Amino acid sequence: MIYPFVAILPSAGVGKRFKSDKPKQYSLIDNKTVIEISLEPLLDFSECLGICIPVAPEDTHWKSIESLDNPKINFIKGGKTRTISVQRAVNYWKTSSVDYQNILIHDSARPCVRSSDIRAMLEDFCIGGHDGAVLGSPISDTLKEIDPENLDVIRTVDRKDLWKVYTPQVFERGILEAVFEKLEEGKEFTDESGMLEESLGQIKTHLGSTDNIKITHPEDLNLVKSILTAQGRIF
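Bear in mind that the values here come from a model prediction, so they are computed numbers and not experimental data.

*Asks:* Can you explain unusual backbone geometry? Please cite residues and give values.
*Replies:* Between Thr 167 and the following residue, Pro 168, the backbone shows a cis peptide bond with an omega angle of 10 degrees. Mapped onto the elements of the fold, Pro 168 is located in strand S10 (residues 163-172). In this structure, Asn 31 takes a positive phi of about 70 degrees despite not being glycine. Checked against the element boundaries, Asn 31 lands in the loop between strand S2 (28-29) and strand S3 (32-33). On the basis of relative accessible area, Asn 31 is assigned to the exposed category, the value being 72%. Positive phi, normally seen in glycine, also occurs at Leu 200, with a value near 65 degrees.

Structure representation (structure tokens):
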């Protein structure tokens, strides 16, 4: 069983490393924008009652995408950082009339996530026992700690218990709202599970597909296209 949930796709970042005149989530893959493809697996779930997308105040690209004109999809003004944007979206849902139990957060530039991975994570999470759940996989590469000044290797890091973590991530509504209410102003996190960890929240990791990559550089678009083709989502 999957309990009703709402989703948040923070999309207010400028993506400096992507080096484009528009945010990377609006890049085209097979005549669809990245953000459209990232949304598709979430819209597959009848339990998803709505999606809130915080965007930059100057962002008007989304207005020209017909498929985003959906009653389930809501755009709001995002903040200067991911944490601020997600907090605004959490407050948006909190003050809405939607009756939901959990909040799912997904990167708008992570279009290769599989619906089956999301379903497995949500079904297990709804059994109870944790405040949040994340998708991830064990790290297979060798990890080195380096000196940032000269890039000299300091040591090899033991990877035995290290995982890389993806999105979506899901959280119990009340827990996430409470953590944001207590959040110290100006404090930032790279993901929301890290914020809950600091508040001693119990987070469970679920094994996800390693092809659930995030677009960071322009060359990632070709890799994403190959992955989506292999998944049968584009032809």
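Next comes the rest of the write-up.
*Asks:* How would you explain helix H2 (residues 82-94) if you had to name every residue and give the values?
*Replies:* Spacing of three or four residues puts side chains on the same side of an α-helix, whose turn is 3.6 residues. For H2, spanning 13 residues, the distance from its first C-alpha to its last is 18 Å, which sits close to the expected 18 Å at 1.5 Å a residue. All buried positions along H2 are accounted for by Arg 82, Thr 83, Ser 85, Val 86, Ala 89, Val 90 and Trp 93. For H2, the buried positions fall inside an angular range of 160 degrees around the axis, keeping them on one side.

*Asks:* Outline the packing of H2 against helix H4 (residues 173-181), listing residues and values.
*Replies:* In helix packing, the relevant descriptors are the interaxial angle and the interaxial distance, both defined with respect to the helix axes. Two numbers describe how H2 lies on H4: the axes approach to 11 Å, and their chain directions differ by 125 degrees. The orientation of H2 relative to H4 falls into the category oblique. H4 is crossed by H2, and the crossing has left-handed handedness. Where H2 abuts H4, its residues Thr 83, Val 86, Gln 87, Val 90 and Lys 94 lie against Arg 173, Leu 176, Glu 177, Phe 180 and Glu 181. Tallied by class, the residues present in the contact of H2 with H4 amount to 4 nonpolar, 2 polar and 4 charged.

*Asks:* Lay out the pattern of salt bridges in plain terms, naming residues and giving numbers.
*Replies:* Working definition: two side chains of opposite charge can pair if their charged atoms are close together. All chains considered together, the criterion is met by 12 salt bridges. In this structure, Lys 204 and Asp 124 form a salt bridge, with 3.1 Å as the shortest nitrogen-oxygen distance. On the criterion of sequence distance, the pair formed by Lys 204 in strand S11 (residues 203-207) and Asp 124 in helix H3 (residues 115-125) is long-range, its members being 80 residues apart. Under the relative-accessibility criterion, Lys 204 is labelled partly exposed at 31%. Ionic pairing is found between Arg 173 and Glu 177, a salt bridge with its closest N-O pair at 3.0 Å. Here Glu 177 and Arg 173 lie together in helix H4, a separation of 4 residues that amounts to about one turn. Here the salt bridges share partners, and the residues they tie into one network are Arg 82, Asp 107, Arg 110 and Glu 192.

*Asks:* How would you summarise the sheet that holds strand S4 (residues 48-55) if you had to cite specific residues and measurements?
*Replies:* An order of S5-S4-S1-S6-S10-S7-S11 is seen for the 7 strands of this open sheet, with the pairing classed as mixed. The two strands at the open ends of the sheet, each matched to only one other strand, are strand S5 (73-77) and S11. Geometrically, the sheet is characterised by an average inter-axis angle of 25 degrees between neighbouring strands, direction not taken into account. Bridging between strand S7 (residues 132-138) and S10 involves 6 bridges; their strand directions are antiparallel.

*Asks:* Any chance you could break down the packing of aromatic side chains for me, citing the residues and the numbers?
*Replies:* As enumerated under the stated definition, the model contains 4 aromatic pairs in all. Summarising the aromatic geometry, the rings of Trp 62 and Phe 75 are spaced 4.0 Å apart at their centres and angled 15 degrees between planes, so their arrangement reads as stacked. Placement of the pair is Trp 62 in the loop between S4 and S5 and Phe 75 in strand S5, with a sequence separation of 13 residues. The class for Phe 75 is buried, based on a relative accessible area of 19%.

*Asks:* Can you explain the environment of Lys 214? Please cite residues and give values.
*Replies:* By the element assignment, Lys 214 lies in the loop between S11 and helix H6 (220-230). For Lys 214, a relative accessible area of 35% translates into the label partly exposed. C-alpha separation for the pair Lys 214 and Ser 108, spaced 106 residues apart in sequence, amounts to 8.7 Å. With residues near it in sequence (within four places) discarded, Lys 214 still touches Lys 24, Asp 107, Ala 109, Arg 110 and Asp 220.

What counts as what
Residues numbered from 1 in each chain as written. Predicted model: local features only at pLDDT ≥ 70, side-chain atom pairs only at ≥ 80, totals over all residues. Heavy atoms only, no water. Helix = DSSP H or I, 4+ residues; strand = E, 2+ residues; numbered from the N terminus. Buried < 20%, exposed > 50% of the residue type's maximum accessible area, 1.4 Å probe, protein only. Expected span 1.5 Å × (residues − 1). Arc of directions from axis to C-beta. Axes fitted to C-alpha atoms, helices over the stretch in contact; angles between N-to-C directions. Parallel < 35°, antiparallel > 145°, perpendicular 65-115°, else oblique. Left-handed = near helix turned anticlockwise from the far one by under 90°. Contact = heavy atoms within 4.5 Å. Nonpolar A, V, L, I, M, F, W, Y, C, P; charged D, E, K, R; others polar. Salt bridge = Lys/Arg side-chain N within 4 Å of Asp/Glu carboxyl O. Pairing = 2+ DSSP bridges. Phe/Tyr/Trp six-rings, centres within 6.5 Å; stacked < 30°, edge-to-face > 60°.

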